[in-house]
Amino acid sequence: MAADYNSALATVDDAPVDELTAPAQYAGMRLDQALARLMPQHSRSRIRSWIDAGRVTVAGAPAAAKQKLSGGERITVSPLADPRVVPFVAQALPLSVVYEDDALIVIDKPAGLVVHPGNGNWDGTLANALLHHAPQLSGVARAGIVHRLDKDTTGLMVVAKTETAQTELVRQLQARSVRREYLALALGDIASGGTVDAPIGRHPVKRTSMAVVSAGKHAVTHYEVRERYGDSTLILCRLETGRTHQIRVHLASIGHPLIGDPDYGRRSGLAARRGHVVAGKASSGPAFTRQALHAWRLGLVHPVTRLAITWESPLPDDFSALLDVLRRRA
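So, how was this worked out
Residues numbered from 1 in each chain as written. Predicted model: local features only at pLDDT ≥ 70, side-chain atom pairs only at ≥ 80, totals over all residues. Heavy atoms only, no water. Helix = DSSP H or I, 4+ residues; strand = E, 2+ residues; numbered from the N terminus. Buried < 20%, exposed > 50% of the residue type's maximum accessible area, 1.4 Å probe, protein only. Pairing = 2+ DSSP bridges. Core = buried A, V, L, I, M, F, W, Y, C linked by side-chain atoms within 4.5 Å. Contact = heavy atoms within 4.5 Å. Phe/Tyr/Trp six-rings, centres within 6.5 Å; stacked < 30°, edge-to-face > 60°. Lys NZ or Arg CZ within 6 Å of the ring centre and 35° of its normal. Salt bridge = Lys/Arg side-chain N within 4 Å of Asp/Glu carboxyl O. Polar contact = N/O pair within 3.5 Å; in protein donor to acceptor, adjacent residues only side chain to side chain.

1. Some words on the environment of Pro79
Stage number 1. With respect to the helices and strands, Pro79 occurs in the loop between β4 (74-77) and β5 (97-100).
Stage number 2. For Pro79, a relative accessible area of 7% puts it in the buried group.
Stage number 3. C-alpha separation for the pair Pro79 and Val17, spaced 62 residues apart in sequence, amounts to 6.8 Å.

2. Brief notes about the pairing of β4
Walk down a regular strand and you will see the side chains alternate between the two sheet faces.
Stage number 1. Two elements, strand β1 (residues 18-21) and β4, share 4 bridges in a ladder whose sense is antiparallel. Bridging across to β4, Asp18 finds its partner in Val77.
Stage number 2. Pairing of strand β2 (residues 56-58) with β4, which is carried by 3 bridges, proceeds in the antiparallel orientation. Counted as the bridge partner of Thr57 is Thr76 from β4.

3. Things to note about the nonpolar core
Stage number 1. Grouped together as the largest cluster of nonpolar side chains are 32 residues, with contacts concentrated most on Leu126, Leu130, Leu137, Ile145, Tyr182, Ile235 and Cys237.
Stage number 2. Elements represented by at least two residues in this core include exactly β6 (104-109), α4 (126-133), β7 (154-160), β8 (179-187), β13 (232-239), α6 (246-253) and β16 (293-301).
Stage number 3. When residues of this core are assigned to their parent elements, the largest contribution, 4 residues, is made by α4.
Stage number 4. Setting aside chain neighbours within four positions, we find Ile235 in contact with Tyr182, Leu183, Ala184, Ala186, Ile190, Tyr223, Glu224, Val225, Arg226 and Leu251.
Stage number 5. Among the nonpolar cores identified, the runner-up in size contains 18 residues, and Ala34, Trp50, Ala63 and Leu69 belong to it.

4. As for the packing of aromatic side chains
Stage number 1. Tallied over the full model, the rule gives 1 aromatic pair.
Stage number 2. One Lys or Arg, Arg226, reaches over the ring of Trp296 and ends 5.5 Å from the middle of that ring.

5. Focus: the environment of Leu126
Stage number 1. For Leu126, the position within the fold is in helix α4.
Stage number 2. Classification of Leu126 by relative accessible area gives buried; the value is 0%.
Stage number 3. As a C-alpha pair, Leu126 and Ala143 span 17 residues in sequence and 9.3 Å in three-dimensional space.
Stage number 4. In contact with Leu126, other than residues within four places in its own chain, are Leu95, Ile107, Leu113, Val114, Val115, Ile145 and Met157.

6. Here's the deal with the sheet that holds strand β3 (residues 61-62)
Stage number 1. Strand order in the open sheet formed by 4 strands is β1-β4-β2-β3, and the pairing between neighbours is antiparallel. Each edge of the sheet is formed by a strand with only one pairing partner; in this case those strands are β1 and β3.

7. Here we look at the pattern of salt bridges
Side chains that differ in sign of charge can pair as their charged atoms come close.
Stage number 1. What the rule picks out here adds up to 18 salt bridges.
Stage number 2. Arg30 is the salt-bridge partner of Asp32, the closest N and O atoms lying 2.6 Å from each other.
Stage number 3. Asp32 sits in the buried class, given a relative accessible area of 9%.
Stage number 4. Residue Lys161 pairs with Glu100 through a salt bridge whose shortest N-O separation is 2.9 Å. Here Lys161 is found in the loop between β7 and α5 (163-174), whereas its partner Glu100 is found in strand β5, with 61 residues between them in sequence.
Stage number 5. On the basis of relative accessibility, which here comes to 33%, the residue Glu100 falls in the partly exposed class.
Stage number 6. Each of Arg30, Asp32, Arg48 and Asp52 takes part in one network of salt bridges that share partners.

8. Comments concerning the side chain of His250
Stage number 1. Mapped onto the fold, His250 is located in helix α6.
Stage number 2. Within the structure, His250 has its side chain in polar contact with the backbone oxygen of Ala198 (distance 2.8 Å).
Stage number 3. Sequence-distant contacts of His250, defined by excluding residues within four places in its chain, comprise Val196, Ala198, Ile200, Val212, Ala219, Val220 and Thr221.

9. Brief notes about unusual backbone geometry
Stage number 1. Not every positive phi belongs to a glycine, and Arg176 is a case in point at roughly 60°.
Stage number 2. With respect to the element layout, Arg176 can be found in the loop between α5 and β8.
Stage number 3. The class for Arg176 is partly exposed, based on a relative accessible area of 42%.
Stage number 4. Look at Arg306: it is not a glycine, yet its phi comes out positive at around 65°.

10. Examining the side chain of His256
Stage number 1. Looking at where His256 falls in the secondary structure, it is placed in the loop between α6 and β14 (277-278).
Stage number 2. Among the polar contacts listed, one links the side chain of His256 to the backbone oxygen of Leu187, at a separation of 2.7 Å.
Stage number 3. Setting aside residues up to four positions removed in sequence, His256 forms contacts with Ala186, Leu187, Gly188, Asp189, Ile190 and Leu251.

11. As for the pairing of strand β12 (residues 220-228)
Stage number 1. Where strand β9 (residues 194-197) meets β12, 4 bridges bridge the pair, whose relative direction is antiparallel. Bridge pairing in β12 places Val196 opposite Thr221.
Stage number 2. Note: β12 against β13, 7 bridges, orientation antiparallel. Paired with Thr221 across the bridge in β13 is Leu239.
Stage number 3. With antiparallel pairing between neighbouring strands as the criterion, β12 and β13 make up a hairpin whose turn holds 3 residues, including Gly230 at a positive phi of roughly 95°.

See the structure below:
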């Protein structure tokens, strides 16, 4: 599929030119701010990239993002096709759709499904499946995906079917108004709930992993205890921010890594612990070889109707089977 990726990139064509007129009341406003209002279906970062690439003119002259408008100017915008859209090839793959309308698709992602094509995973991803399910997503950046789940994390994801819906959902994520709750099985006996407020960035040595580092990005995870099994605890995690591997890194940092986590569990002594669960396996019970993490609840404001909607996803069979063993033994 690498060849398909490269050939697709080579056939990117520019989108049609947009011709706009700056309203009189925009006098004194910066160009990038004015375009964000005139083209609300696009994110400000995308508009800024077009300005920086010389794709925007004001009164026929190349424009700068910070230049002030007088009102009444003719503005032309030549949007660049987003190269993140074209590499995705539509594939008929199983897709569990929880909800769908003209603006949104909510997916219940299984374990083992990669979200985006990339190195080592050029096809067979959620993006490939989405393009087959809804071909119009070929015209939306990242095939409409606005947030990710790790390959072996299960549960709910929302996908935007239009650029306008995508921009609105990204704004909600940035405003931290999207409610994302996860069920997680953590090693050890956690006495009570709490909050982990610790910055996350690239691991200083293992660059493919994340870690709590002082120079990292602000990250906050709230958690509460649901069930306790002696040597492990089922907790509900609520994300305030959305950093890569956030729950996995935060719980490992406080000495309670996720059961079965192949990246952060071993460093926290998961394989060395004794008890009912050792390295993701319950004695005389099912093996659990992935991180025990499930995106259980998703809540947001619909980008068109403006109604608040919440979805819930039942635990997958392997996670439920593991909990059944632990409950019998607790």
